[in-house]
Amino acid sequence: RQAGKAFRCFRCRLMKLGVFAKSFAGDDPLTVLSASRAAGFEAVQYNLSCSGIGSLPEAIPDGAVQEIRHAARATGVGIAAISATYNMTDPDPDSLAAGRRAFLAICETAGSIGSNIVTVCSGSKHPTDKWQPHPANDDPQSWTDMCKEFEIICEHATQHGVLVGVEPEPGNVVRDADRAARLIADFAGGPIRIVLDPANIIDGVAPEQQRRVIDQALDLLGDHLALAHAKDRHADGTVAPAGRGTLDWARFLGGLSATGFAGTLVAHGMAADDAPAVARFLADQLDRL
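Trainee: I'd like a rundown of the overall build of the chain, residues and numbers included.
Mentor: A tally of regular secondary structure across the chain gives 10 helices and 10 strands. Compactness check: the chain gives a C-alpha radius of gyration of 18 Å against a globular reference of 19 Å for 289 residues, within 12% of the reference. By principal-axis analysis of the C-alpha atoms, the chain measures approximately 55 × 50 × 35 Å. Burial status across the chain gives 52% buried among its 289 residues. When contacts within the chain are restricted to residue pairs at least 6 apart in sequence, those whose partners lie at least 24 apart make up 74%. Taking the 27 positively charged and 35 negatively charged side chains of the chain as two groups, their mean positions are separated by 8 Å.

Printed below as a string of structure tokens:
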């Protein structure tokens, strides 16, 4: 009944309510998108692992594209964005090149799948884990290396009419609102947009400073957002499902709405069993705007 209530409200909201597709088990899109709809979501940030071809395939069969399109039509679940997240500052040139090839393949097929947003992160100089911080992430050369990679993928994205959604991540070169704003300025007029996750930008921030940090991020980035993410953090800093942590959702979503954002709010950081409750929580928050 609650999922039905969320569904009935979809048409009257400025923002859409979405979810990471890979929050649900399955290696075929109809299974995954059906689970997303049943949990109360109207869109997904799609990961090609949900098609059984891995998160970063260097070739995407036409049949896989058609299966995603069919699943979206059958379930009424939109494809808000497609993940192509690789380590854009990978110190291993072979791994970097492989990630780039996968981005290019996903970029080329994004429109056919049904989305004009492909998501990435800036990456880390950590040798084995793109999510882990590394001292070299702060080196000016790392910024230069990252920008060279962005130049390549932005040219390709522009050719295919795709926006590049960059998510500031705590362990990455672009890890906060200031660096995200710098990246936007460096590629002014290009296809780069920001994927803003409030739980990322409050990582390590004292509770009494969180509102200030969120407000500042929205002021800096509000005109450049492709997506918003929705996960939470417990008081000890660990990730929590939206609504079960310390994040001030009314503050964040109210500020997000004030920027005029009319994209998709994408939930993640939860188990599949938690997804319906998260959808209900976020739907209630959005209905209050």
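Trainee: I'd love a proper account of the environment of Asp 223, names of residues and values included.
Mentor: Considering the arrangement of structural elements, one finds Asp 223 in the loop between helix H8 (210-221) and strand E7 (225-230). Distance from Asp 223 to Thr 259, taken between C-alpha atoms, is 6.9 Å for residues 36 residues apart in sequence.

Trainee: Tell me about the pairing of strand E4 (residues 117-121), residues and numbers included.
Mentor: Remark: a regular strand shows side chains that alternate across the two faces of the sheet. Burial of E4 is extensive: five of the five residues sit out of reach of the surface. Strand direction decides the pairing type here: strand E3 (residues 78-87) and E4, joined by three bridges, are parallel. Residue Ile 82 lies in a different strand from E4, and its bridge partner there is Val 118. Between the parallel elements E3 and E4, the chain passes through helix H4 (residues 93-113) in a crossover that is right-handed. With four bridges joining them, E4 and strand E5 (residues 163-166) adopt parallel strand pairing. Of the residues in E5, the one forming a bridge with Thr 119 is Gly 165.

Trainee: Any details on the side chain of Asn 200? Residues and values, ideally.
Mentor: As for its placement among the helices and strands, Asn 200 is situated in helix H7 (residues 198-201). Classification of Asn 200 by relative accessible area gives buried; the value is 4%. Among the polar contacts listed, one links the side chain of Asn 200 to the side chain of Lys 231, at a separation of 2.7 Å.

Trainee: How would you explain the pairing of strand E6 (residues 192-196) if you had to name every residue and give the values?
Mentor: Burial of E6 is extensive: four of the five residues sit out of reach of the surface. One crossover worth recording links E5 to the parallel E6 by way of helix H6 (residues 177-186), and it is right-handed. Taken together, the three bridges between E6 and E7 define a ladder with parallel strand orientation. Across the sheet, the residue bridging to Ile 194 is Leu 225, located in E7.

Trainee: So what's going on with helix H9 (residues 249-258)? Residues and values would help.
Mentor: Within the sequence span of H9, burial applies to Trp 249, Phe 252, Leu 253, Gly 255 and Leu 256. In an axial view of H9, the angular spread of the buried residues amounts to 160 degrees, which keeps them on one side of the axis. Residues Ala 250 and Ala 258 are exposed on H9 and point more than 90 degrees away from its buried face. In this structure Asp 248 caps H9, since a side-chain oxygen of it lies 3.4 Å from the backbone nitrogen of Ala 250. Just past H9, the residue Gly 260 takes up positive phi, approximately 90 degrees.

Trainee: How would you summarise the packing of aromatic side chains if you had to cite specific residues and measurements?
Mentor: What the rule picks out here adds up to three aromatic pairs. Between Phe 150 and Phe 187, the aromatic rings sit 6.0 Å apart at their centres with planes inclined by 55 degrees, giving tilted as the arrangement. Note that Phe 150 is positioned in helix H5 (residues 140-159) and Phe 187 in the loop between H6 and E6, a separation of 37 residues in sequence. Grouping residues by exposure puts Phe 150 and Phe 187 together as buried. Taken together, the aromatic side chains of Trp 249, Phe 252 and Phe 281 make up a single cluster linked through ring pairs.

Conventions we followed
- Residues numbered from 1 in each chain as written.
- Predicted model: local features only at pLDDT ≥ 70, side-chain atom pairs only at ≥ 80, totals over all residues.
- Heavy atoms only, no water.
- Helix = DSSP H or I, 4+ residues; strand = E, 2+ residues; numbered from the N terminus.
- Rg over C-alpha atoms; globule rule 2.2 N^0.38 Å.
- Buried < 20%, exposed > 50% of the residue type's maximum accessible area, 1.4 Å probe, protein only.
- Contact = heavy atoms within 4.5 Å.
- Lys, Arg positive; Asp, Glu negative; His and termini not counted.
- Charge placed at Lys NZ, Arg CZ, Asp CG, Glu CD.
- Pairing = 2+ DSSP bridges.
- Right-handed = clockwise from strand over helix to strand, strands pointing away.
- Polar contact = N/O pair within 3.5 Å; in protein donor to acceptor, adjacent residues only side chain to side chain.
- Arc of directions from axis to C-beta.
- Phe/Tyr/Trp six-rings, centres within 6.5 Å; stacked < 30°, edge-to-face > 60°.

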